[in-house]
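Residue strings, one per chain:
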Amino acid sequence: MEPVPDDDFLLALLNSTPVVRGLPTDDLADAGQARTWLASAGGLGTEPELQHVLRARQALQAVIRGEEPPEVLAPEIRGVSSVPAVAGGRISWTLIVPAERRLAVRAILAWDALASTSPGRLRPCANNQCRLFLLDRSKANAARWCSMAVCGNRMKARRHYERARQGAASEH
Ligand SMILES: [Zn+2]
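As the structure is a prediction and not an experimental result, all values here were calculated from the model.

1. Quick look at the coordination of the zinc ion
Of the protein atoms, only Cys-125 (SG), Cys-130 (SG), Cys-146 (SG) and Cys-151 (SG) coordinate the zinc ion, at distances of 2.3 to 2.4 Å. With four donor atoms in place around the zinc ion and angles of 104 to 119° between them, the coordination shape is tetrahedral. Counting along the primary sequence, the residues that act as donors to the zinc ion give the motif C-x4-C-x15-C-x4-C. Here the two residues Cys-125 and Cys-130 agree in accessibility, since each one is buried.

2. Some thoughts on helix H2 (residues 31-40)
Within H2, the full set of buried residues consists of Ala-34, Trp-37 and Leu-38. Taken around the axis of H2, the buried residues stretch over an arc of 95°, which confines them to a single face. Where H2 is buried, its residues meet helix H1 (6-14), helix H3 (47-64) and helix H5 (102-117).

3. Concerning the environment of Ile-64
Relative to the elements of secondary structure, Ile-64 occurs in helix H3. Once the C-alpha coordinates of Ile-64 and Leu-14 are considered, the two residues, 50 residues apart in sequence, prove to be 9.6 Å apart. Aside from chain neighbours lying at most four places away, what touches Ile-64 is Leu-14, Trp-111, Leu-122, Arg-123, Pro-124 and Phe-133.

Quick notes on the rules
Residues numbered from 1 in each chain as written. Predicted model: local features only at pLDDT ≥ 70, side-chain atom pairs only at ≥ 80, totals over all residues. Heavy atoms only, no water. Donors = N, O, S within 2.8 Å, 3.2 Å for Na, K, Ca; no water. Tetrahedral: all angles 85-135°; square planar, octahedral: opposite > 155°, others 65-115°. Buried < 20%, exposed > 50% of the residue type's maximum accessible area, 1.4 Å probe, protein only. Helix = DSSP H or I, 4+ residues; strand = E, 2+ residues; numbered from the N terminus. Arc of directions from axis to C-beta. Contact = heavy atoms within 4.5 Å.

Set out below in structure tokens:
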């Protein structure tokens, strides 16, 4: 069993480069912190694993933002295979992948599973100064912000300000 569901792991990985006080940051930039992060996600916590995870993160972020085609993910899934076994009356599939690549592959497969089961629900926050992503599980599928409390209110305030300014300008 994975310690965290695949979707949660994927979202946590995508959102590990937040903008803090206007500056892009990286939760995985510090080696010690990164090792802890990988281990808590069920990984090995090693440097080679981190390099694979960082490459997968960069590629996935670019694909979800529409900046790159999904083909940029190809190097990270090259050579991966899945073998079936019968257990408990069901067919189960085991991923055959070197241990240091498993987390990176898991993130990419989680993205692919979402893209087919919930197309369009994983997307960038509509605040273009925010680098976070959201996974909209609501029926309406109309969420635009990573967080209503943070980006939602900020963007509303900005729109209100723009409207007020335009209103003031058109009076003259
Ligand atoms: Zn946001």
